[in-house]
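Below are the chains, spelled out letter by letter.
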Amino acid sequence: MSNQARVLVVEDDAALREALCDTLEYGGYAALSACNGVEALRTLEKEAVDLVISDVQMDEMDGHTLLREVRSSRPQLPFVLVTAHGSVEKAIEAIRAGATDYLLKPFEAEVLLEMVSRLEGAIECDAGGMVAEDPAMTSVRELLLRVARSPATVLISGESGTGKEVVARFIHHSSERADKPFLAINCAAIPEPMLESMLFGYEKGAYTGAYQSRAGKFEQANGGTLLLDEVSEMDLGLQAKLLRVLQEREVERLGGHNLIALDVRVLATTNRDLRAEVAAGRFREDLYYRLSVFPVHIPPLRDRPGDILPLAHVMLARHSGGRPMELDREAELRLLSHPWRGNVRELENCMQRAAILTPGTQVTARDIYFEDMIAAQGSPAQETPAESSCNMLDGGLKDTEKQLIVNALKTVNGRRKDAAEILGISPRTLRYKLARLKEQGVALPHAG
């Protein structure tokens, strides 16, 4: 499960809108999109959003009008206006009218991600109760409650999709720092130069596009908790700089000369065997021991079957759109018999598909579709006529898969990448399936 911040991008230029969304997703955020203020308001009625980034000049409803509408219903929602250089005065007026900040076109990807990173401190984190009913997880939960009371650095390991970030948030919200900031940064999703500036901050003029000084994640998390997600993916050179910050408990911004004292509790996650990474020379041994003061391993979902149904019920409620939905016994048995190679993340996708497919309030076994069922068709190069007779697009399941794909696209406003993730298939496989549906004359939602 992911607790990443959800950012709504409002921009009438389709190419720029897609580029902004791609940049945000590259930085580890969930991006939603709207082509104008009217569509943005509709999205805000249906979706949970943590931050709005809106262009000023748009048809139907411009950014200033959208700001007033959003402020009337959600006065605390962070709102950023994007404007051209010639409209700076209007942008400043917008700040006075309630905008949280503004961006001047053109701007570098680093500037956008840094702003979202900074405003993330204003986003209220979801404490998100950790589901732990299987004995394998209840023992982990008890251990986490004890370690949360200490300031110790915790290294959380486990396979991809096991819920390591949820565990990190649980530690923070069970600690004395619960009322302080919790910030997370994905070390695998951000290139090394950008990651360094986002971690440590920078002074004005430190690099092209650094128009003003900015605090990094360490400063923003001062007094609270900083999660280094997938820390094993960090470049060796940056590992040395991180080690120094952890040892000295102080940070120096890029291009700066002043040391800033830190009081930050650091948590780190990895899906790799860090001891093996150290032995292979890909991870610093001294940093490993600095991070693994208290190591915690999260077992895969297949090793904690007692959590499958409790998690499924929570996820179904999350994606039901307010409908009271429940699983019948056959659906529960179907979930319990699945190996869950993708762990909790795979289960989340499965429940989202079930919420999309189920017409009523009761999810049956027929509404449960696993990723390997959808992906079974594979690429056109892999499929033969004999194989095609067995795949999901044939027989009685053909219409169901078509409905599943179309509904998934509608759910994510036509964004192919997001739809592929929900469906549990690769973007390439989805493109192939969409091509076949187009050949059949099926009307497909386009990115909005």
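Let me sum up the structure you'll find in this document. Since this is a predicted model, take the numbers as computed values, not measurements. (Residues numbered from 1 in each chain as written. Predicted model: local features only at pLDDT ≥ 70, side-chain atom pairs only at ≥ 80, totals over all residues. Heavy atoms only, no water.)

Before going further, it helps to spend a moment on helix H3 (residues 63-73). Note: α-helices contain 3.6 residues per turn, so residues at a spacing of three or four share the same orientation. The set of residues buried in H3 consists of Gly63, His64, Leu66, Leu67, Val70 and Arg71. Viewed end-on, H3 has its buried residues packed into an arc of 155°, placing them on one side of the element. For H3, the exposed residues set more than 90 degrees away from the buried face come down to Arg68, Ser72 and Ser73. Backbone nitrogen of histidine 64 and a side-chain oxygen of the N-cap are separated by 3.3 Å at the start of H3; the cap is aspartate 62. (Buried < 20%, exposed > 50% of the residue type's maximum accessible area, 1.4 Å probe, protein only. Helix = DSSP H or I, 4+ residues; strand = E, 2+ residues; numbered from the N terminus. Arc of directions from axis to C-beta. Polar contact = N/O pair within 3.5 Å; in protein donor to acceptor, adjacent residues only side chain to side chain.)

On the surface, a cluster of negative charge is contributed by Asp12, Asp13, Asp59 and Glu60. The class for glutamate 60 is exposed, based on a relative accessible area of 67%. (Patch = residues over 30% accessible without salt bridge, like charges linked within 9 Å, V, L, I, M, F, W, Y side chains within 5 Å. Areas by Shrake-Rupley, 256 points an atom, 1.4 Å probe, with all protein chains shown as cover. Salt bridge = Lys/Arg side-chain N within 4 Å of Asp/Glu carboxyl O. Lys, Arg positive; Asp, Glu negative; His and termini not counted. Charge placed at Lys NZ, Arg CZ, Asp CG, Glu CD.)

This part is about the packing of aromatic side chains. Applying the stated criterion across every chain, the model contains three aromatic pairs. Between the aromatic rings of phenylalanine 200 and phenylalanine 218, the centroid separation amounts to 6.1 Å while the plane-to-plane angle is 15°, which identifies the pairing as stacked. Note that phenylalanine 200 is positioned in helix H8 (residues 192-200) and phenylalanine 218 in helix H9 (residues 217-220), a separation of 18 residues in sequence. The exposure classification of phenylalanine 200 matches that of phenylalanine 218, with both residues buried. An angle of 65° between the planes, with centres 5.1 Å apart, marks the rings of tyrosine 288 and tyrosine 289 as edge-to-face. Among the residues examined, tyrosine 288 registers a relative accessible area of 10% and is labelled buried. Among the residues examined, tyrosine 289 registers a relative accessible area of 48% and is labelled partly exposed. (Phe/Tyr/Trp six-rings, centres within 6.5 Å; stacked < 30°, edge-to-face > 60°.)

What follows is about the packing of helix H6 (residues 135-148) against helix H7 (residues 164-173). Viewed as axis vectors pointing N to C, H6 and H7 meet at an angle of 45°, and their least axial separation amounts to 8 Å. It follows from the interaxial angle that H6 and H7 lie oblique. Between H6 and H7 lies a crossing whose hand is right-handed. For the pair formed by H6 and H7, the contact residues are Arg141, Leu144, Leu145 and Ala148 on the first element and Val167, Phe170 and Ile171 on the second. Looking at the contact of H6 with H7, its residues break down into six nonpolar, no polar and one charged. (Axes fitted to C-alpha atoms, helices over the stretch in contact; angles between N-to-C directions. Parallel < 35°, antiparallel > 145°, perpendicular 65-115°, else oblique. Left-handed = near helix turned anticlockwise from the far one by under 90°. Contact = heavy atoms within 4.5 Å. Nonpolar A, V, L, I, M, F, W, Y, C, P; charged D, E, K, R; others polar.)

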